[in-house]
Amino acid sequence: MSSQYPELRGYYHLRETIGSGGFAKVKLAYHALTGEKVAIKIMDKRALGEDLPRVKTEIAAMQELCHQHICKLYQVIETEEKFYMILEYCPEGELFDYIVSKDRLDEEEARIFFRQIVAAVAYIHNSGYAHRDLKPENLLLDEDQNLKLIDFGLCAKPKGGMDNHLLTCCGSPAYAAPELISGKQYLGSEADIWSMGVLLYALLCGYLPFDDEKLSHLYRKIQSGKYEVPEWLSEETIDLLARMLQTDPKRRITISSILEHPWLNHGFNVPVEWASKYKRTLDDDCLTELAVHYGKSRQHMETVVSRWKYDYLTATYFLLLEKKMTGRPVRLLHRP
Ligand SMILES: [NH3+]CCCOc1cc(-c2cn[nH]c2)ccc1C(=O)Nc1ccccc1
């Protein structure tokens, strides 16, 4: 296998393919120095065709976005023919499959997931980005059933902040906001809120609010903003859904108002902590272990790691930090 991916030899031990979507193949792998599992998203440049800019968009965004509910990017390798993105491993798969397996979720379970989604989107919007393809297929579950958002290939960072209008129509039709499908100028952040409304509906109902085999019929349903309200939904749920699935983007609820909505805080006495839990300062134990391993001073390691080149050193630092955050020894395996 490593003969097919020579650039990974000695750094990662490749295992089976765990997912594939469109132009990418995702394989499970082990990071040689820490023994930690990672997911490697492999893309062939020729096969990407006009989708090539999506990869550059995704890499640029994921290098800036560091959050407990966003799938962490550890390393990027670019060769003549391929892109490799070394990502955080999420063993429990897609939220989409989890909903299907349970038919639909009860309010309590949906609320726990939705609080994590709101935290990720609040962080993304606060960082000046819009995801623009929010759906259960792009939310993965880690070993503790925490959600991790993936696929920033369609995200946007409008120049001059989030109040600049976007034009490209993108994302998955069933989750797309009315203003987006009508080709009008739109705000990525407002379109994300609509998609979150569709997502919350899918969590609580197990099917989509707007659906039709014929695309033109689907578009008409979305633009009407009319959807069936099943009898098992509570008043608070119905209220929140109505504010997110508001066809007029200017009257649609904002992420900060969602953070204060009674449904989101029902049974919780702490608001959603949406700020990133990743610290800006480098971790001492990790730097020390790296210094020992590479036979350099701690100061030298701090200088080199701080360049954030998203090379093998960046990946090794983040994976050591992952071990520390999950209460395991901050140690590198000395025999590669
Ligand atoms: N719908 C998800 C299919 C598997 O895709 C991934 C899995 C992981 C993953 C699996 N375990 N841990 C992380 C990380 C990233 C992706 C991903 O970005 N897929 C993708 C997105 C857009 C176009 C093509 C492929």
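Keep in mind it's a predicted model, so treat the numbers as computed, not measured.

Here is what the cut-offs are and how they apply
Numbering of residues starts from 1 in every chain and runs along the sequence as written. This being a predicted model, a pLDDT of at least 70 is required before a residue's local features are given, and a value of 80 or more before pairs of side-chain atoms are given or counted; all residues contribute to the totals for chains, interfaces and linings. With hydrogens and water set aside, each side-chain value is computed from the structure's full complement of heavy atoms. Exposure above 30% relative accessible area and the lack of any salt bridge qualify a residue for a patch; like charges then connect within 9 Å, and the nonpolar side chains Val, Leu, Ile, Met, Phe, Trp and Tyr within 5 Å. Shrake-Rupley sampling with a 1.4 Å probe provides the accessible areas, and residues are treated as covered by the protein chains on show and by no other component. Salt bridges are identified by distance alone: a Lys or Arg side-chain nitrogen within 4 Å of an Asp or Glu carboxyl oxygen. Throughout, exposure labels follow a simple rule: accessible area from a 1.4 Å probe, protein chains only, divided by the maximum for the residue type, with under 20% read as buried, over 50% as exposed, and the rest as partly exposed. Here a cavity means grid points, on a 1 Å grid over the protein atoms only, where a 1.4 Å probe fits yet cannot get out; a pocket means an open set of points with protein on both sides within 12 Å along at least five of seven lines; lining residues are those with an atom within 4 Å of a point. Grid points are joined across faces, edges and corners, and a volume is the space filled by probe spheres set on the points. Here a helix means four or more residues in a row that DSSP labels H or I, a strand means two or more in a row labelled E, and each is numbered from the N terminus. In the scheme used here, Gly and all other residues not listed as nonpolar or charged are polar, with Ala, Val, Leu, Ile, Met, Phe, Trp, Tyr, Cys and Pro taken as nonpolar and Asp, Glu, Lys and Arg as charged. Confidence scores per residue from the predictor, reported as pLDDT, run from 0 to 100. Pairing between strands requires that DSSP locate at least two bridges from one strand to the other. Each axis is a line fitted through C-alpha atoms, taken for helices only over the stretch in contact, and angles between the N-to-C directions span 0 to 180 degrees. Here, residues are in contact when the closest pair of their heavy atoms is within 4.5 Å.

Student: Teacher, can you tell me more about a nonpolar patch on the surface here?
Tutor: A cluster of nonpolar residues, Ile 112, Phe 268 and Val 270, forms a patch on the protein surface that exposes about 250 Å² of accessible area. Exposure remark for Ile 112: the relative accessible area of 45% places this residue in the partly exposed category.

Student: How do you make sense of the layout of surface pockets when you look at a structure like this?
Tutor: The gaps of empty space that remain are located by a probe, the size of a water molecule, rolled over the atoms. Put simply, the largest pocket is a space of about 710 Å³. Around the largest pocket, the lining is made up of 29 residues, and of these Gly 19, Val 26, Glu 94, Leu 140 and Ile 150 lie nearest the centre. Counting residues per element, the ones that place at least two in the lining of the largest pocket are strand S1 (12-21), strand S2 (24-31), strand S3 (37-44), helix H2 (52-64) and strand S5 (82-88). When grouped by side-chain class, the residues that make up the lining of the largest pocket number 14 nonpolar, seven polar and eight charged.

Student: Which parts of the structure should I look at to understand the confidence of the model for the protein chain?
Tutor: Close inspection of predicted coordinates is inappropriate for parts of the model with low pLDDT. The share of residues in the protein chain with pLDDT of 70 or more is 96%, and the mean pLDDT across the chain is 94. As scored by the predictor, the complex reaches a pTM of 0.95 and an ipTM of 0.96.

Student: Looking at this structure, how should I read empty space enclosed by the protein?
Tutor: Applying the stated criterion across every chain, the model contains one cavity of 30 Å³ or more. In terms of lining residues, the largest cavity is bounded by Arg 132, Asp 133, Leu 134, Cys 170, Gly 171, Ser 172, Tyr 175, Ala 176, Leu 180, Ala 191 and Ser 195. Across the lining of the largest cavity, the residue classes break down as six nonpolar, three polar and two charged.

Student: Hey, could you run me through the sheet that holds strand S4 (residues 73-78) in this one?
Tutor: Pairing between sheet strands relies on hydrogen bonds along the backbone, with the strands arranged either parallel or antiparallel. Strands sit in the order S1-S2-S3-S5-S4 across an open sheet of five strands; the sheet is antiparallel. Because the sheet does not close on itself, it has two edges, and the strands there are S1 and S4. The sheet shows a mean angle of 25° between the axes of neighbouring strands, direction not considered. Alignment of S1 against S2, held across seven bridges, turns out to be antiparallel. Bridge pairing links Ser 20 to Lys 25 in S2. Packing of H2 onto the sheet brings it into contact with S3, S4 and S5, and relative to S5 it is tilted by some 35°. Running over the sheet, helix H13 (residues 312-325) touches S1, S2, S3 and S4 and is turned about 160° from S4.

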